[in-house]
Amino acid sequence: MASWGTISCAAAAATVLLLMLRGIDPAASAPVSIDPINCLDSGLKCCPPPSSKEIVDFKPDSQPSPLRIRRPAHTLDSEAAQKYEKAIALMRALPQDHRWNFIQQSNVHCAYCSRGHVQLGTKNHTIEIHGSWHFFTWHRAYLYFYERILGKLINDASFAIPFWNWDDLAGMSIPTIYRDNTSSLFNPTRFPAALNFTDLGGCQGDGTPGSLDKQKLCNLQVMHRQFAAASNSTSIFFGGALRAGGSFPGGGPIENSPHSPVHISTGADMSQISKSGYDPLFIAHHSNVDRLWAIWEGIPGDSSKVIADPDFLDASFLFWDENLERVRIRVRDVIDHRKLGYVYQDVPLKWMDIKTKVEGETSIRTAQDLARQYPVGKLNFPLRLRSAAKVNVRRTASRGEKLVVSDIELDGRDYVWFDVYVSRGDGGGRAQAGCFIHMERRSDKKIPIITKTQIGIADVIKQIGAATDDWIVVTLQPKVGGDKAKEHNIVFQALYNSTQPVQAIVCEVEGFGDPWLFLEKALCRRDDSTCSLLRKSDLGTRCE
């Protein structure tokens, strides 16, 4: 791979052209579905055993029954806890090749989430339901069948899986029912620290008195921030459109955090996508993620909470149900959880009304006056994120503002995390608007990913007092994976409320060791993205 210093303008233009060609013609788009026969193991051994059994379409229960109530795991009474433990024990005791066996059920997640199942109509183009608008929908379907199987094993049609209520102060650690090392709910790979605290997104403590209370408050602030980032936008909440032939278009704010940090901070199995289902906590964790979807649906807003796109609604997945039928279920079948026969116990949402945390900002390196004099507007800049990068971005008047960090290039085997901050250009306060978190995948080959993250920032703009400002400063702050950027060529493109960014040209500048980025009349060094008023003619750039 060519180094940054040898990238030519022609190469940059070719790259932009390739990115444009990745777009999908709406007339040719189609919903995702999987090939019922082909699955690529790629060394993970999580593909299901072959089956010639006829596939049937999902049908909801014809006989209405009382809704199953999913309750917080840390509040389960002894009877409910024993029933759950028994159901998992029976699942573990099944023959290894049984479709309901605990490992077989865990591998269902692995095959859909580690590029196992092949998309129908392709030779070897696999599906990955993370990082897309099917993150919520697939997991809801998975939990539905998992729950029904457990109920069948203990002969209890009213059985409901619990949810790990990590967004409540009393639930911010591994629930007691999962701690007994003689229980079927135990997993030996959990981190000891998770017994004390579960991090929802960068809320590490320092061990000092009062640290735990601060961490829990931080968790509540993370919950408020991530919900605010998606509160009134269906496309932001669900994530990018995954159509037939596509891959990893970008997840929503909730998938990034709290979903991913809970996985990462809980244990070795939980922190690996391919093995997370081996820990019974996985089910409780995703039950709470599903609950957040249900809560979000109930938040008043002026937009629909359902994506009407047929490519979304008609996407389909295959599961084995509680009658050992091979079932095809479509996204439209799982939109309403009540029609699936369950609800969540109401729990106070202490994070809902917390104010956005605004920090002091003392070292804005980008110049507000420069931005006003030379408006670069919508930016498109390749950037290796070795350290914090800041850039002025012009606001576009619209209803419901969002920030998009796109064309993030990485190797899917790597763990990458960067935070996104927004601040006023005059050196005022700043607030974290969101983050991007990619959990590592296991593979013996590189997994090339180009993705994005979208963040609604209307609440942040209001809280930092920038409602009437024409410009804001966006900061990308790396937490994990910056040291891998050089090897895996992690590239960022920041744009504000736009789908048509202006092309920026990667230039070689004579007499300078680092490549620069030319944006209209501002020239930016790539290592810190600090802009200065330098003209091409002044530096003899080879960008003609």
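Computed from a prediction, not measured in an experiment: that's the story for all the values here. (Residues numbered from 1 in each chain as written. Predicted model: local features only at pLDDT ≥ 70, side-chain atom pairs only at ≥ 80, totals over all residues. Heavy atoms only, no water.)

Draft legend 1. View of the sheet that holds strand β11 (residues 430–438). If you trace the 4 strands from one edge of the open sheet to the other, you get β8-β13-β10-β11, paired in antiparallel fashion. For this open sheet the edge positions go to β8 (389–394) and β11, each flanked by a neighbour on one side alone. On average, adjacent strands in this sheet sit at an angle of 25 degrees to one another, irrespective of strand direction. (Pairing = 2+ DSSP bridges. Helix = DSSP H or I, 4+ residues; strand = E, 2+ residues; numbered from the N terminus. Axes fitted to C-alpha atoms, helices over the stretch in contact; angles between N-to-C directions.)

Draft legend 2. Region of the structure containing the confidence of the model for the chain. Looking at the chain, pLDDT values average 80 and 77% of them are 70 or higher. In the model, residues 362–380 has pLDDT below 50 throughout and makes 57 contacts with residues more than four positions away in sequence or in other chains. (pLDDT = per-residue confidence, 0-100. Contact = heavy atoms within 4.5 Å.)

Draft legend 3. Structural context of the nonpolar core. Tyr84, Tyr112, Leu150, Tyr178, Phe227 and Phe238 are the most contacted members of the largest nonpolar core, which has 90 residues in total. Considering each element in turn, this core owes the most residues, 11 residues, to helix α4 (residues 135–153). Setting aside its immediate chain neighbours within four residues, Leu150 contacts Tyr84, Ala87, Ile88, Met91, Phe159 and Ile161. (Core = buried A, V, L, I, M, F, W, Y, C linked by side-chain atoms within 4.5 Å. Buried < 20%, exposed > 50% of the residue type's maximum accessible area, 1.4 Å probe, protein only.)

Draft legend 4. Spotlight on the UniProt feature "domain: Tyrosinase copper-binding" (unreviewed entry) in the chain. Per the UniProt record, "domain: Tyrosinase copper-binding" (unreviewed entry) is annotated on residues 130–147 and 279–290. Helix makes up 72% of residues 130–147 and strand 0%, whereas the separation of the span's terminal C-alpha atoms amounts to 21 Å. The span residues 279–290 shows a helical share of 83% and a strand share of 0%, and its end C-alpha atoms are spaced 18 Å apart. (UniProt positions renumbered as here; feature names shortened; annotations may be inferred.)

Draft legend 5. Looking closely at the sheet that holds strand β2 (residues 55–57). Overall, mixed pairing links the 3 strands, which are arranged β2-β6-β5 in an open sheet. Strand pairing shows two members of the sheet lacking a second neighbour, β2 and β5 (316–320), which therefore form its edges. Between one strand axis and the next, the sheet turns by 35 degrees as a mean value, whatever way the strands run. As judged from the 3 bridges shared by β2 and strand β6 (residues 326–330), these two strands associate in the parallel manner. Considered in β6, the bridge of Ile55 is made with Arg326. Lying on the sheet, α4 is in contact with β5 and β6; it crosses β5 at an angle near 15 degrees.

Draft legend 6. Empty space enclosed by the protein, seen in detail. In this structure the tally under the stated criterion is 4 cavities of 30 Å³ or more. Taken together, 15 residues line the largest cavity, and the ones lying closest to its centre are Gly131, Phe248, Glu255, Ile437 and His438. The set of elements that each furnish at least two residues to the lining of the largest cavity consists of α7 (253–266) and β11. When the residues that make up the lining of the largest cavity are grouped by side-chain class, the tally is 5 nonpolar, 7 polar and 3 charged. (1 Å grid on protein atoms, 1.4 Å probe; cavity = no way out; pocket = protein on both sides within 12 Å on 5 of 7 lines; lining within 4 Å. Points joined across faces, edges and corners; volume = space filled by probe spheres on them. Nonpolar A, V, L, I, M, F, W, Y, C, P; charged D, E, K, R; others polar.)

Draft legend 7. Looking closely at the packing of α7 against helix α8 (residues 281–297). Two numbers describe how α7 lies on α8: the axes approach to 11 Å, and their chain directions differ by 165 degrees. With respect to α8, the element α7 is oriented roughly antiparallel. Read as a crossing pair, α7 and α8 show a hand that is right-handed. Contacts between α7 and α8 involve Ile254, Pro258, His259, Val262, His263 and Thr266 from the first element and Leu281, Phe282, His285, His286, Val289 and Leu292 from the second. Of the residues assigned to the contact of α7 with α8, the class counts are 7 nonpolar, 5 polar and no charged. (Parallel < 35°, antiparallel > 145°, perpendicular 65-115°, else oblique. Left-handed = near helix turned anticlockwise from the far one by under 90°.)

Draft legend 8. Summary view of the packing of aromatic side chains. One pass over the full model with this rule turns up 28 aromatic pairs. Considering the side-chain rings of Phe136 and Phe237, the 4.7 Å spacing of their centres and the 15 degrees angle between planes classify their relative orientation as stacked. Of this pair, Phe136 sits in helix α4 while Phe237 sits in helix α6 (residues 234–238); the two residues are 101 residues apart in sequence, bridging distant segments of the chain. Consider the rings of Phe163 and Tyr344, whose centres lie 5.6 Å apart with planes at 80 degrees: the pair is edge-to-face. With Phe163 in the loop between α4 and α5 (211–228) and Tyr344 in strand β7 (residues 342–344), the pair connects residues that are 181 residues apart, well separated along the chain. (Phe/Tyr/Trp six-rings, centres within 6.5 Å; stacked < 30°, edge-to-face > 60°.)

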